[in-house]
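Structure at a glance
So the chains spell out like this:
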Amino acid sequence: AISYNFGAKKYMRVKKMRNLTFIISLILGILLGISSLMFSNELAGLFLTDDNIINIADKILSYYSFSFIFICVNISVATYYTSIDDPIRSGAIAIYRSFIASVIGLLILPILFGQSGIWMTVIFVEVSTLLIGYMMIERNPFGKTKVEAI
């Protein structure tokens, strides 16, 4: 729907759908984060049998649970830019999120926080990607297309 309305130059509709998508993504991320935090032990138990490993996985999942809040929004931002024919911004977000931020986090956070820093990297990746995505949306709300203020 976003691509169709963008092609039709109905930018107000695009803006409304984009914002609704981001809100729904945030709500789903919060629900996913809370659910995985509440049921982390059960989730780990689905795949593991050793109680010691389940306890370790439970702790690790607590880090991931927080990052789940932002994952949905970050994927939506990248997908939004793809849908409005701006593969450069979409690709930049994807590369930053999947490679650059991960390398930065893995190089710095274990030094600062020890072994926990490895698992904190996923939080760093998602929060920093969210900030970059937010700045991109603020600066280029319709990608490479210049649209007067709506």
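This text follows the structure it describes.
Quick look at the structure, then. This is a predicted model, so every value here is computed, not measured.

**Some thoughts on the overall build of the protein**
Regarding its fold elements, the protein presents six helices and zero strands. Going from N to C terminus, the protein has its helices and strands arranged as α-α-α-α-α-α. Viewed in the frame of its principal axes, the protein has a C-alpha envelope of about 55 × 30 × 20 Å. Buried residues in the protein amount to 35% of all 150 residues. As displayed, the protein has an accessible area near 9,200 Å², and 70% of this comes from carbon and sulfur atoms.

**What about the packing of aromatic side chains?**
On inspection of all chains with the given rule, the structure shows five aromatic pairs. Ring geometry for phenylalanine 6 against tyrosine 11: centres 5.6 Å apart, planes inclined by 70 degrees, an arrangement best described as edge-to-face. Each member of the pair, phenylalanine 6 together with tyrosine 11, is buried. Ring centres of phenylalanine 22 and tyrosine 80 lie 6.3 Å apart, and the angle between their planes is 75 degrees; this geometry places the pair in the edge-to-face category. Here tyrosine 80 lies in helix α4 (residues 51-83) and phenylalanine 22 lies in helix α2 (residues 11-38), a separation of 58 residues in the sequence. For the pair shown, phenylalanine 22 and tyrosine 80 are each scored as buried. Taken together, Phe6, Tyr11 and Phe142 form an aromatic cluster joined through their ring pairs. The ring of phenylalanine 142 carries arginine 18 above its face, with NZ or CZ at 5.7 Å from the centroid.

Criteria and thresholds
Residues numbered from 1 in each chain as written. Predicted model: local features only at pLDDT ≥ 70, side-chain atom pairs only at ≥ 80, totals over all residues. Heavy atoms only, no water. Helix = DSSP H or I, 4+ residues; strand = E, 2+ residues; numbered from the N terminus. Buried < 20%, exposed > 50% of the residue type's maximum accessible area, 1.4 Å probe, protein only. Areas by Shrake-Rupley, 256 points an atom, 1.4 Å probe, with all protein chains shown as cover. Phe/Tyr/Trp six-rings, centres within 6.5 Å; stacked < 30°, edge-to-face > 60°. Lys NZ or Arg CZ within 6 Å of the ring centre and 35° of its normal.

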